[in-house]
Amino acid sequence: MRREFDGYLDCGLLCRGFARMKCAACVEQHLVAFSCKGRGFCPSCLGRRMCQTAANLVEHVLPPVPLRQWVITLRFELVADGVYVAAATGGLAFRSLPHLSTTDVADALQVARARILRYLERCAVI
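Residues numbered from 1 in each chain as written. Predicted model: local features only at pLDDT ≥ 70, side-chain atom pairs only at ≥ 80, totals over all residues. Heavy atoms only, no water.

Draft legend 1. Structural detail: the overall build of the protein. Of the regular secondary structure elements, the protein holds three helices and four strands. The 126 residues of the protein split such that 6% are buried. Taking as baseline every contact in the protein between residues at least 6 positions apart, the subset at least 24 positions apart corresponds to 22%. As presented, the protein carries roughly 10800 Å² of accessible surface, and 60% of it is formed by carbon and sulfur atoms. (Helix = DSSP H or I, 4+ residues; strand = E, 2+ residues; numbered from the N terminus. Buried < 20%, exposed > 50% of the residue type's maximum accessible area, 1.4 Å probe, protein only. Contact = heavy atoms within 4.5 Å. Areas by Shrake-Rupley, 256 points an atom, 1.4 Å probe, with all protein chains shown as cover.)

Here's what the structure looks like:
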């Protein structure tokens, strides 16, 4: 814990170490401070890690189709009420989805439960 906290205090300080970045074309230079790369509570490093994870999901994992987010474990609703689609102007446009009935949610929950249980059985967890 102490090492994590000390790393956090040193994160981003040029006096604690840096890399010199130099452009070969224009010879401009910048100093980039080392980061703690902590996994605990450094907002700078955690923010960078969140951005990298989101970029990886968008570029390599998620298909380029409209997606619906389902959040089941929280006490308040975070389910997206629509999807973003490419607009004619080149940006994104939000399209509302039809309201879900209680039956729709129950059906989706039943399918998810069955798939999760099958996966856990394949992994010999249950």
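Draft legend 2. Molecular detail of unusual backbone geometry. Despite not being glycine, Val 27 shows a phi value in the positive range, around 65 degrees. Inspection of the secondary structure puts Val 27 in the loop between β1 (18–22) and β2 (29–33).

Draft legend 3. Geometry of the state of the cysteines. This structure, assessed with the given rule, holds zero disulfides. Here Cys 26 stays unpaired: no disulfide links it, and the sulfur of Cys 23, its closest cysteine neighbor, is 3.5 Å away. (Disulfide = S-S within 2.5 Å.)

Draft legend 4. Region of interest: the pairing of β1. Sheet topology note: the β1/β2 ladder contains five bridges and is antiparallel. Counted as the bridge partner of Phe 18 is Ala 33 from β2. Between β1 and β2, which pair antiparallel in sequence order, lie six residues; one of them, Val 27, sits at a positive phi of approximately 65 degrees. (Pairing = 2+ DSSP bridges.)

Draft legend 5. Layout of the packing of aromatic side chains. One pass over the full model with this rule turns up one aromatic pair. Here the aromatic rings of Tyr 84 and Phe 94 are separated by 5.1 Å at their centres, their planes lie at 65 degrees, and the arrangement is edge-to-face. Here Tyr 84 is found in strand β3 (residues 82–86), whereas its partner Phe 94 is found in strand β4 (residues 92–96), with ten residues between them in sequence. What makes Phe 94 partly exposed here is its relative accessible area of 42%. (Phe/Tyr/Trp six-rings, centres within 6.5 Å; stacked < 30°, edge-to-face > 60°.)

Draft legend 6. Geometry of the environment of Val 105. As for its position among the elements, Val 105 is in helix α3 (residues 102–122). With 35 residues separating them along the chain, Val 105 and Trp 70 place their C-alpha atoms 9.6 Å apart.

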